[in-house]
Amino acid sequence: MSANSDGIILQIGFENSISEPIGQALVKWQQLVEEQGDGSIRLELYPDSQLGSKNELIDGMTFGENYITLADGAFYADYGVKDFGIVFGPFLFDNWEQCWDLIESDWYQGQCEELEGRGLKIVTSNWKYGERHTLTKQKVETVEDLKGLKIRVPGNQLQSIGFDVLGATSTGMDLGDVYQALQTGAIDGAENPLATLYGRKLHEVAKYLIMDAHVLNFTTWVMSNEVFEGLDKEQQELLISTAKEAGIYNNELVEESNDEYLQMMMDEGMEVVEPSQEVMDGFKKKAEAFYSQGDVFGWSEGLYEKVKAEIGK
């Protein structure tokens, strides 16, 4: 860990820009640590992947590097904590309160402890990344309209199968390649929170958005467990409490910006479909097939039922 006469420095590396809600909330976290601490610990921010990719940072953490970065359940599943991936399942959550119930559960704590055994410490999980919606070149009004459409997803098994079960053909692709792929017709659509869809200007080449909220994407900040254990108790408590406080601020910014992004996209020619409850029930029924594939994902027996019980379904 980095330490000098000014105290311990923790480096937060992330892919987003500093101007996005999540970047502004990190500035808030940095300020909270400075205001509430005694100066023995400081945060330094490195937006736009300046410190390297997420994989590079997390690999460094396992060797005791003093990084903090953003990651989620789908990534932790690929990293070996298989059950963690279910939090990225389609239509698992009906609302954000169910997300927050889950992260306070014994099951979730167990997942975090398993991750600690692999060298990674989750500092906080209460940050909204956003509801993930689907943007397409042709209008989608029901789940049946997705049949055969090539939809870009991040390159992980969970999200690929999550769209395949809905009838689409998932296509793993780097986010930076999506605009051109939509423009040339290599893909028919993409999914992401509104901030990302707008930030990448994808609405310029795909004019239809269905507000399906197929994943309520909460995210976590993770660091080296070795580095965390090297902090004293007061420093650990400061880091966790301020991370949670900044998470609340982040969530307010995300909600405020959603309306702004949506309006800007509509002003620039995008057509929005607000699905009825009947339509959403159709999506959820199709998605049930995802949860019958626990063996494919390496899930423990009865995982889906256990998680549903934790979120009150």
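Identification of the chain as C4-dicarboxylate ABC transporter substrate-binding protein from Petralouisia muris is taken from an unreviewed UniProt entry.

Visitor: Can you break down the packing of helix 1 (residues 21-36) against helix 10 (residues 233-267) residue by residue, with the values?
Guide: Close contact between helix 1 and helix 10 brings their axes to 8 Å; oriented N to C, the two are set at 150°. By the criterion of interaxial angle, the relationship of helix 1 to helix 10 is roughly antiparallel. Handedness of the crossing formed by helix 1 with helix 10: right-handed. The residues of helix 10 that touch helix 1, namely those facing Pro21, Ile22, Gln24, Ala25, Lys28, Trp29, Leu32, Val33 and Gln36, are Leu238, Leu239, Thr242, Ala243, Glu245, Ala246, Tyr249, Asn250, Leu253, Val254, Ser257 and Tyr261.

Visitor: Which residues make up the environment of Gln30, and what values go with them?
Guide: Relative to the elements of secondary structure, Gln30 occurs in helix 1. Taking the relative accessible area as the measure of exposure, Gln30 reaches 27% and is therefore partly exposed. Taking the C-alpha atoms as reference, Gln30 lies 19 Å from Lys233; in sequence the two are 203 residues apart. Ignoring any residue separated from it by four or fewer positions in sequence, one finds Gln30 in contact with Leu43, Glu44 and Leu45.

Visitor: Tell me what's going on with the layout of surface pockets, and back it up with residues and numbers.
Guide: By volume, the largest pocket amounts to about 1,100 Å³. Lining the largest pocket are 35 residues, and of these Glu15, Lys54, Tyr129, Arg152 and Leu175 lie nearest its centre. Those elements giving two or more residues to the lining of the largest pocket turn out to be helix 2 (54-62), helix 3 (73-78), strand 5 (120-136), helix 8 (194-199) and strand 9 (208-224).

Visitor: Account for the packing of aromatic side chains, naming residues and giving values.
Guide: Considering all chains together, one arrives at 20 aromatic pairs under this definition. For the pair Phe75 and Tyr76, a centre-to-centre distance of 6.2 Å together with 80° between the ring planes defines the contact as edge-to-face. With a centroid separation of 4.8 Å and 35° between ring planes, the pair formed by Phe297 and Trp299 is classed as tilted. Residue Phe297 shares its accessibility class with Trp299, and that shared class is buried. Ring pairing ties together the aromatic residues Phe75, Tyr76, Tyr79, Phe84, Phe93, Trp96, Trp100, Trp107, Tyr108 and Phe218, which thus form one cluster. Cation over ring: Lys28 sits above Tyr249, and NZ or CZ is 5.3 Å from the ring centre.

Calculation notes
- Residues numbered from 1 in each chain as written.
- Predicted model: local features only at pLDDT ≥ 70, side-chain atom pairs only at ≥ 80, totals over all residues.
- Heavy atoms only, no water.
- Axes fitted to C-alpha atoms, helices over the stretch in contact; angles between N-to-C directions.
- Helix = DSSP H or I, 4+ residues; strand = E, 2+ residues; numbered from the N terminus.
- Parallel < 35°, antiparallel > 145°, perpendicular 65-115°, else oblique.
- Left-handed = near helix turned anticlockwise from the far one by under 90°.
- Contact = heavy atoms within 4.5 Å.
- Buried < 20%, exposed > 50% of the residue type's maximum accessible area, 1.4 Å probe, protein only.
- 1 Å grid on protein atoms, 1.4 Å probe; cavity = no way out; pocket = protein on both sides within 12 Å on 5 of 7 lines; lining within 4 Å.
- Points joined across faces, edges and corners; volume = space filled by probe spheres on them.
- Phe/Tyr/Trp six-rings, centres within 6.5 Å; stacked < 30°, edge-to-face > 60°.
- Lys NZ or Arg CZ within 6 Å of the ring centre and 35° of its normal.

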